[in-house]
Every structure is written in C-alpha cells, then in structure tokens.
Amino acid sequence: QDAATARGLTKTYGRAGTEVHALRGIDVDLPAGRFTAIMGPSGSGKSTLMHCLAGLDQATSGQVTVDGTRLADLDDTALTKFRRDRVGFVFQSFNLLPMLTAGQNILLPLELAGRRVGRPERERHNQIATVLGITDRLGHLPSQLSGGQQQRVAIARALISNPAIVFADEPTGNLDSTTSAEVLGFLRTSVRELGQTVVMVTHELDAAAYADDVIVIADGRVRSHLTNPTRERLV
Ligand code: ADP
Ligand code: ADP
C-alpha cells in the first residue's frame, strides 16, 4: 500500500520564453509506514515536488494520489479540508504559536478541524508526547523551549490528527548538528512506534541517513530511488 504516488508529474513556472521546468516528469511511489528522504542539490525541484505531493501547489501535468485520493479530483475547498485532515506538516521554522503552550500547540489542528478533544484524542496526545520525550514540557511556551524541543512539539502537532503522511521540509535546517540528530531520531521513532509515514525534504546527507528510502532528484527528474531493506540505521 502506497501512502502517495506521483505519475508523470511536471511543474513549469513562468511564461513562454522564460519558463523554469522545476519538475520534468516524476514517477514515485511512497510506501506507507516508511521514512522517505527526498534529496538533491539546491534548485533541483525537491520543494516543488513536496508541495505538489502535499497538495500545497498544483502540478502543470501529471497525477498525484495521496491516501487513495486523486488530488486533481478535489476542488479548492475539498483540497484544503483534505490537507487539514489527512496531511501533517513540519517546517524548518517550527511555526509554533508563541502565545500557546506546547500542549495547546499540539492540539491546535484538532481545534481548527472543529474536532472535539475527548478521551481518545487525549490518549493520542499523551502517547505522542511520550514517544517524542516532551511530556514534561507541555505546559511551557515555545519561548521557554530549546530549538530541538520546539521542533519536537511541531512534530507532535503534525502527528496529532493521525495523518496519512507527514511532510517535513528541511526540518533540521535551523538546528545545530547535535540537535538535528536528536530531531531526526524522533522522526524515525515516530515511523517505528506510531507507524507514521514521513516524507522529508533535505539537502543534508547526514539527515538522509536516518531514512528508510532515499529519492535523489536532479534537474527535475528522479535520479535514483534507493530503498534500505534492512531498515537499520545507515550511520
Ligand atoms: P529545491 O527545493 O530542490 O531547492 P525548488 O523546487 O525550490 O528546488 O526549485 C526548483 C526550480 O524551480 C528552481 O530553478 C527554482 O528557482 C524554481 N522555482 C521554484 N519556485 C518558483 C516560483 N514560485 N516561481 C518561479 N520559479 C520557481
Ligand atoms: P523557510 O524554509 O523559509 O523557513 P518554511 O519551511 O517555513 O519556510 O515554509 C516552506 C513553504 O511552506 C513556504 O513556501 C510556505 O508558503 C509554506 N508554509 C509554511 N507554513 C505553512 C503552513 N502552516 N501551512 C501551509 N503551508 C505553509
């Protein structure tokens, strides 16, 4: 079962004469329950691919299917709802709300979706906080947390609504190498212990070593799709 697939995906920015071909025909299958890294040099199309897979951006041609739904079949309202309910996001810049505690930030997606926070939701909240090692930080404001802790809260927020996929865009870009390793370890733990499918865009080789699968993009094409059958850590 694939969490997401892309077929013949192209994305062209700009107008005739000055076009930029960011994606030139991408076919990928992202298996469920695995940690996939999308790698490649700056400008190779990684972010564009992630944005198309996540329904944040529309491809010029080709087909994206996420969790069995063809994104092209959804109108804007349905796509927004789909993203909110079925997809989680982790960004380089954490994007936590400064006036809310860590615990409140984590529950925010449920509030925004108008979902009641009952017993099952609280249990999931506790489970995720335990897996990510932030149970003793839930009452703190983001400003009272280290960068690594803030990113773990952001990961918890991405996981709370049990999304089909969590997309992480350069999640360690603002962290030092020790903290990066810690955050990558927690992303990996989310895949192992919660069965979460995670797709991470990164240009850091160290970060990709935490993934099960690595898709290498160059000049808008898939150069290679490496899978690690043992799922042992590479470094
Ligand atoms: P990466 O994430 O690998 O750095 P991107 O997907 O951001 O690559 O960009 C791929 C190409 O598309 C680059 O040449 C970039 O300049 C171009 N590009 C990205 N976004 C836009 C945009 N909104 N308008 C025009 N060109 C863009
Ligand atoms: P940066 O890498 O510059 O810090 P981010 O990683 O925060 O930027 O964001 C990457 C892209 O994702 C941006 O182009 C932005 O439009 C989009 N984005 C950021 N936050 C959200 C969000 N909460 N929901 C949807 N899209 C977002």
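Everything numeric in this text was worked out from a predicted model, so none of it was measured.

Next up on the list: the pattern of salt bridges. Between side chains of opposite charge, a pair can form when the charged atoms approach closely. This structure, assessed with the given rule, holds 12 salt bridges. For arginine 84, the salt bridge identified is with aspartate 85, shortest N-O distance 3.4 Å. Residue classification places aspartate 85 among the partly exposed residues on the basis of a relative accessible area of 23%. With a shortest N-O distance of 3.5 Å, glutamate 123 and arginine 119 are connected by a salt bridge. Here glutamate 123 pairs with arginine 119, and both are found in helix H4 (residues 119–131), just four residues apart, close to one helical turn.

This brings us to the site of ligand 1. The environment of ligand 1 is formed by Tyr13, Val20, Ala22, Pro41, Ser42, Gly43, Ser44, Gly45, Lys46, Ser47 and Thr48. Taking serine 44, its main chain carries an N or O atom lying 3.1 Å from an oxygen atom of ligand 1. At 2.8 Å, a side-chain N or O of lysine 46 approaches an oxygen atom of ligand 1. Expressed as a share of its isolated accessible area of 560 Å², the protein-covered part of ligand 1 is 58%. Those elements giving two or more residues to the shell around ligand 1 turn out to be strand S2 (20–31) and helix H1 (46–53). The leading source of residues in the shell around ligand 1 is H1, at three residues. Looking at the shell around ligand 1 residue by residue, the class counts come to four nonpolar, six polar and one charged.

Within a regular strand, the side chains alternate between the two sheet faces. Side chains Val198 and Met200 project from strand S8 (residues 198–201) onto one buried face, and the interleaved Val199 and Val201 project onto a second face that is buried too. In this sheet, S8 lies alongside strand S3 (residues 35–39) in parallel orientation, the contact comprising four bridges. Looking at the pairing, alanine 37 lines up with methionine 200 of S8. Across four bridges, strand S7 (residues 165–169) lies against S8 in parallel orientation.

Given a rise of 1.5 Å per residue, 13 residues ought to cover 18 Å, and the 18 Å separating the end C-alpha atoms of H4 matches this to within 8%. Among the residues of H4, those classed as buried are Glu121, Arg124, His125, Ile128, Ala129 and Val131. For H4, the buried positions fall inside an angular range of 160 degrees around the axis, keeping them on one side. Every exposed residue of H4 that faces more than 90 degrees away from the buried side is listed here: Arg119 and Thr130. Buried residues along H4 sit against helix H3 (102–112), helix H5 (147–159) and helix H6 (177–194). Downstream of H4 by a residue or two, glycine 133 has a phi angle that is positive, lying close to 65 degrees.

With that settled, the discussion passes to the site of ligand 2. Surrounding ligand 2, one finds His51, Leu56, Phe91, Gln92, Ser93, Asn95 and Asp169. Glutamine 92 places a polar side-chain atom, nitrogen or oxygen, 3.0 Å from an oxygen atom of ligand 2. In this structure, a nitrogen atom belonging to ligand 2 sits 3.1 Å away from a side-chain N or O atom of asparagine 95. The protein chains hide 45% of the 560 Å² of surface that ligand 2 would expose on its own. Considering only residue class, the shell around ligand 2 consists of two nonpolar, four polar and one charged.

What counts, and at which threshold
- Residues numbered from 1 in each chain as written.
- Chains lettered and ligands numbered in written order.
- Predicted model: local features only at pLDDT ≥ 70, side-chain atom pairs only at ≥ 80, totals over all residues.
- Heavy atoms only, no water.
- Salt bridge = Lys/Arg side-chain N within 4 Å of Asp/Glu carboxyl O.
- Buried < 20%, exposed > 50% of the residue type's maximum accessible area, 1.4 Å probe, protein only.
- Helix = DSSP H or I, 4+ residues; strand = E, 2+ residues; numbered from the N terminus.
- Near = heavy atom within 4 Å.
- Polar contact = N/O pair within 3.5 Å; in protein donor to acceptor, adjacent residues only side chain to side chain.
- Areas by Shrake-Rupley, 256 points an atom, 1.4 Å probe, with all protein chains shown as cover.
- Nonpolar A, V, L, I, M, F, W, Y, C, P; charged D, E, K, R; others polar.
- Pairing = 2+ DSSP bridges.
- Expected span 1.5 Å × (residues − 1).
- Arc of directions from axis to C-beta.
- Contact = heavy atoms within 4.5 Å.

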